[in-house]
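One letter stands for each residue in the lines below.
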Amino acid sequence: MVNHFLSFGSIGNGSGKQKMELLKHFTPVFVGVLVIVVFFSVVNPYISSLQQRYTSVSTETTYTTPTHTNNVTTTTTIIVDPIKSELVSYALKLINDDRATFGLAPVRLGSNIAAQKHSEDLARLNVLSHWGADGMKPYIRYSFYEGRNYVQENVGAVFLSGRASPPSVEEMRSYIKELEYNMVYNDSAANWGHKRNILDPSHTHVNIGVDYTNNIFVMVQNFENIYINWGLFEMKGTHVKLGGTFLEDVKPYLFVVYYDPLPEPLTKEQLAGPPYNNGYSLGEKIGAVLNEGYKVDIPYVYATKWYQNGLDFNIEFDFSSFVQKDGVYTILFEIVDGNGEIYYAAIH
């Protein structure tokens, strides 16, 4: 079951009128669910052209930071400026303060830039939505920017009016504090969906994007579940090869395939209205990929290779039998713990 959440609130201080909005999609989370968005060759150039046309160009400085995982070092280029870097650090602190209050482990700051790109897109358009001007949903956008894990998005904004200049750093820190507080402690209008996302014990990382103009302050939180050190991540058409090392004592369970139509460009007016001012889903569930000998109650195929030795795994499959038309095919990788039980961080 997928629930969509939209909540509204207001805060006021300083100059101008301010309206705060929170927008959140929440779906039941399997511990270690991973999202892989697979694009056909006919889709890649289409989406690339959308990105070039509709994604705002950043004027910020860039630096490259090393990431260390299980003695493997990779580098990721992150777009930052000093003010936004300070605001992101403050937002991360508030998230982990809330998690500590509820007895949860902290999340680390991730390196995927989709959250930052989305915040810039929304600030440029002065609108709040999970969709971007390029028509991409959060998990498609995350995968476009090379995300390989499960992601859940919170979006919040403070709408400003009557200002001749952007908000100060102290004002923006107050906006972040108010947004975070309302997500965790004043979220009943959203059925506590933001709170469940922030306090989900299965999350390991969060990517935070912030941007602002004279008219709006935007914060995007993309929470990740990272349970795999990927060694093989290869997709050729509908043939998929995956391999790596689990970071915890878990096993592969199954893959579920979802379908979305090709994303279409969206105007500010479209993003401000239904369905784009509400939640999102993973699209249409069309099939599953299983290990030999298992069955499910939806169309399924068996993997051609399903291997695990300790924490290492290697799986190959082809999902061409589910493909009927051009579009975006999203594959969820579900894993189970050492006892063979599937755990939900939230049950709906």
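Use the structure listed above.
Since the model is a prediction, treat every value here as computed from it, not as a measurement.

Focus: the nonpolar core
Okay, so step 1: Counting 33 residues, the largest nonpolar core has Leu-122, Leu-128, Tyr-139, Ala-157, Ile-216, Val-218 and Leu-271 as its most contacted members.
Okay, so step 2: Broken down by element, the residue count for this core peaks at 5 residues, all from helix H3 (residues 114-125).
Okay, so step 3: Lining this core are residues from two domains, each supplying at least three of them: domain 1 (78-225) and domain 2 (228-347).

Concerning the sheet that holds strand E10 (residues 228-236)
Okay, so step 1: On the basis of which strands lie adjacent, the open sheet formed by 4 strands has the order E10-E11-E16-E15 and antiparallel pairing. For this open sheet the edge positions go to E10 and strand E15 (305-309), each flanked by a neighbour on one side alone. Taking the axes of each pair of neighbouring strands and ignoring which way they run, one obtains an average angle of 10° across the sheet.
Okay, so step 2: Here E10 runs beside strand E11 (residues 239-246); their pairing, made up of 8 bridges, is antiparallel. The residue bridging Lys-236 from the neighbouring strand is His-239, located in E11.

Here we look at the packing of aromatic side chains
Where two aromatic rings form a pair, the distance of their centres and the angle of their planes describe that pair.
Okay, so step 1: All told, the structure shown has 17 aromatic pairs when counted by the stated rule.
Okay, so step 2: On the basis of an interplanar angle of 85° and a centroid distance of 5.2 Å, the ring pair of Phe-144 and Tyr-145 is categorised as edge-to-face.
Okay, so step 3: Take Phe-144: its relative accessible area is 26%, and that puts it in the partly exposed class.
Okay, so step 4: With relative accessibility at 17%, the residue Tyr-145 sits in the buried group.
Okay, so step 5: Feature note: the residues Trp-230, Phe-233, Phe-246, Phe-255, Trp-306, Phe-313, Phe-317 and Phe-333 constitute an aromatic cluster, connected by ring pairs.

Examining the pairing of strand E17 (residues 328-337)
Okay, so step 1: Most of E17 is tucked away, with 10 of its 10 residues classed as buried.
Okay, so step 2: Sheet topology places strand E12 (residues 250-260) next to E17; 10 bridges connect them, and they run antiparallel. Bridging across to E17, Pro-252 finds its partner in Ile-335.

About the thresholds
- Residues numbered from 1 in each chain as written.
- Predicted model: local features only at pLDDT ≥ 70, side-chain atom pairs only at ≥ 80, totals over all residues.
- Heavy atoms only, no water.
- Core = buried A, V, L, I, M, F, W, Y, C linked by side-chain atoms within 4.5 Å.
- Buried < 20%, exposed > 50% of the residue type's maximum accessible area, 1.4 Å probe, protein only.
- Helix = DSSP H or I, 4+ residues; strand = E, 2+ residues; numbered from the N terminus.
- Domains from an automatic or database assignment.
- Pairing = 2+ DSSP bridges.
- Axes fitted to C-alpha atoms, helices over the stretch in contact; angles between N-to-C directions.
- Phe/Tyr/Trp six-rings, centres within 6.5 Å; stacked < 30°, edge-to-face > 60°.

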